[in-house]
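# Per-entry structural report
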Amino acid sequence: TIELLSHIKSPFTWHYYGEGHLIEELKALAKTKLPEGSYIFHGQCKREEIFALYKSAGISAMIHTSELEGIPVSLMEAASFGIPIIACDTCGVGEITNSHTGILLPLDFNIAQTAAHIETFCREKGNTIEFRNSVKKYCSEFFNIKLNATRTAKRLKELSQT
């Protein structure tokens, strides 16, 4: 993600949540590759703190460049706030990242071209209230536990009757 962000020409602020054994290396890389003041390492925090940022800060996009994921809860949470998703096409990520929610990147994406594409997307389509509502609606329709539980129960009932 840092390498990708290093090619973004527009001003931005990257918010990073979490820790781990490589956090110091990540901070050092950000310091050498990203403009000063363009990133914030929040460390471990409660979900409510992240949600407060999602509600108040006008987040342009959730960028997730992991090469091995299921369907990250972080993407579902961001989408539930109408935040567009930009993520790599790995495992189940494509179930939530699509033309209704953002940009699904190939695993072998070209960094410079993708950075330019992200800038255009965030400035134009991803920044509209219509698109953000589309993201929220998609998340509500396909990642709502109550709806999914009801659909699953109905389908299991149908299967048991055949």
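These numbers come from a predicted model, not from an experiment.

### Observations regarding the pattern of salt bridges
Applying the stated criterion across every chain yields a total of 5 salt bridges. The partner of E3 in a salt bridge is K33, with the nearest N and O atoms 3.0 Å apart. With a gap of 30 residues between them, E3 in helix α1 (residues 2–5) and K33 in helix α2 (residues 23–33) connect regions that are remote in the sequence. Judged by its relative accessible area of 37%, K33 is partly exposed. Here K137 ties to E141 by a salt bridge, and the two come within 3.7 Å at their closest N and O atoms.

### So, the packing of helix α6 (residues 129–142) against helix α7 (residues 145–160)
It is at 6 Å that the axes of α6 and α7 come closest, and there the two elements cross at 40 degrees. In this structure, α6 contributes S140, E141 and F142 to the contact, and α7 contributes L147, N148 and R151. For the contact of α6 with α7, the per-class residue count stands at 2 nonpolar, 2 polar and 2 charged.

### Brief notes about the side chain of T65
Structurally, T65 can be placed in the loop between β3 (62–64) and α4 (73–80). Within polar-contact distance, the side chain of T65 engages the side chain of T1 at 2.6 Å. In this structure, T65 is in contact with T1, L4, C88 and F109, ignoring residues within four places of it in sequence.

### What about α4?
Within α4 the residues assigned to the buried category are L75, E77, A78 and A79. Considering only its buried residues, α4 is in contact with α3 (47–56), β3, β4 (85–88) and α6.

The rules behind each value
Residues numbered from 1 in each chain as written. Predicted model: local features only at pLDDT ≥ 70, side-chain atom pairs only at ≥ 80, totals over all residues. Heavy atoms only, no water. Salt bridge = Lys/Arg side-chain N within 4 Å of Asp/Glu carboxyl O. Helix = DSSP H or I, 4+ residues; strand = E, 2+ residues; numbered from the N terminus. Buried < 20%, exposed > 50% of the residue type's maximum accessible area, 1.4 Å probe, protein only. Axes fitted to C-alpha atoms, helices over the stretch in contact; angles between N-to-C directions. Contact = heavy atoms within 4.5 Å. Nonpolar A, V, L, I, M, F, W, Y, C, P; charged D, E, K, R; others polar. Polar contact = N/O pair within 3.5 Å; in protein donor to acceptor, adjacent residues only side chain to side chain.

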